[in-house]
Amino acid sequence: MASIFSKIVTGDIPSYKIAEDENYYAFLDINPLAKGHTLVIPKMETDYIFDIEDEQLGGLLVFAKKVGKAIESVISCKRIGVTVIGLEVPHAHIHLIPLNTLYDMDFKQPKLSFTNDELAQTAEKIREAFDTIIL
Ligand code: AMP
């Protein structure tokens with residue numbers, strides 16, 4: 001059965017899309033630790049990130065780098081934290097989280113709540129920035 005993230009890629013489940021190309025897709029985390037918390041995934045479904053073939057894995061990180069630069073250009077933060085957990089959704093994904101303190105990356109913290117409009121506006125701003133980023 002397709003993962004929830006594969007269903008996001010196909011549009012069967014909605015997402016606040018940030019960017020996509022032939023191989024990768026980025027969208028806002030629906031239960032964010034910070035404004036702009038984004039997930040970056042390979043379109044090809046693999047549960048564990050270290051089971052991804054080298055070239056695809058390298059491409060995923062480069063795509064995440066461009067997304068991260070877009071996020072930091074519109075969200076006030078010291079830097080973008082990068083982490084992989086994968087205990088909840090069995091489709092490899094990289095968390096990109098705007099950080100001002102170490103605690104912004106603490107998954108035990110209560111998740112933030114934004115309205116649909118706020119999430120849509122945040123996604124739109126990051127999406128517009130993404131189109132301007134040249135690596
Ligand atoms: P983990 O697999 O432990 O890295 O956690 C999965 C992450 O995916 C969590 O941060 C969830 O909030 C996020 N998530 C789960 N379902 C969705 C969804 N439909 N749209 C956006 N983010 C999601």
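Residues numbered from 1 in each chain as written. Predicted model: local features only at pLDDT ≥ 70, side-chain atom pairs only at ≥ 80, totals over all residues. Heavy atoms only, no water.

**Q** Looking at this structure, how should I read the overall build of the chain?
**A** Secondary structure assignment for the chain yields three helices and five strands. Along the chain, helices and strands appear, N-terminal first, in the series α-β-β-β-α-β-β-α. Dimensions of the chain, computed from the C-alpha atoms along their principal axes, are close to 35 × 35 × 30 Å. Going through the 135 residues of the chain one by one, you find that 42% of them count as buried. Taking the intrachain contacts of the chain between residues at least 6 apart in sequence as the baseline, contacts between residues at least 24 apart amount to 59%. Of the roughly 8000 Å² of accessible surface on the chain, a fraction of 53% belongs to carbon and sulfur atoms. Positive and negative charge centroids in the chain, built from 13 and 20 side chains respectively, lie 7 Å apart. (Helix = DSSP H or I, 4+ residues; strand = E, 2+ residues; numbered from the N terminus. Buried < 20%, exposed > 50% of the residue type's maximum accessible area, 1.4 Å probe, protein only. Contact = heavy atoms within 4.5 Å. Areas by Shrake-Rupley, 256 points an atom, 1.4 Å probe, with all protein chains shown as cover. Lys, Arg positive; Asp, Glu negative; His and termini not counted. Charge placed at Lys NZ, Arg CZ, Asp CG, Glu CD.)

**Q** Where do I start with the sheet that holds strand S1 (residues 17–20) in this structure?
**A** Paired through backbone hydrogen bonds, the strands of a sheet run either parallel or antiparallel to each other. Taken together, five strands build an open sheet; the order of strands is S1-S2-S3-S5-S4 and the sheet is antiparallel. The outermost strands of the open sheet, each flanked by one partner alone, are S1 and strand S4 (79–83). Strand-to-strand twist across the sheet, computed as the mean angle between neighbouring axes with direction ignored, equals 20 degrees. Note: strand S2 (residues 24–28) against strand S3 (residues 38–42), five bridges, orientation antiparallel. If you follow Phe27 over to S3, its bridge partner there is Leu39. (Pairing = 2+ DSSP bridges. Axes fitted to C-alpha atoms, helices over the stretch in contact; angles between N-to-C directions.)

**Q** Whenever I open this one, the layout of surface pockets confuses me. Can you help?
**A** Empty pockets left among the atoms are what a rolling probe the size of a water molecule brings to light. Approximately 520 Å³ is the volume found for the largest pocket. Elements supplying a minimum of two residues to the lining of the largest pocket: helix H1 (4–10) and S2. At three residues, the largest contribution of residues to the lining of the largest pocket is made by H1. Its residues assigned to classes, the lining of the largest pocket comprises 14 nonpolar, five polar and three charged. Approximately 160 Å³ is the volume found for the second largest pocket. In terms of lining residues, the second largest pocket is bounded by Leu61, Ala64, Lys65, Gly68, Lys69, Glu72, Ile80, Val82 and Leu96. Ranked by residues supplied to the lining of the second largest pocket, first place goes to helix H2 (residues 54–74) with six residues. Looking at the lining of the second largest pocket residue by residue, the class counts come to five nonpolar, one polar and three charged. (1 Å grid on protein atoms, 1.4 Å probe; cavity = no way out; pocket = protein on both sides within 12 Å on 5 of 7 lines; lining within 4 Å. Points joined across faces, edges and corners; volume = space filled by probe spheres on them. Nonpolar A, V, L, I, M, F, W, Y, C, P; charged D, E, K, R; others polar.)

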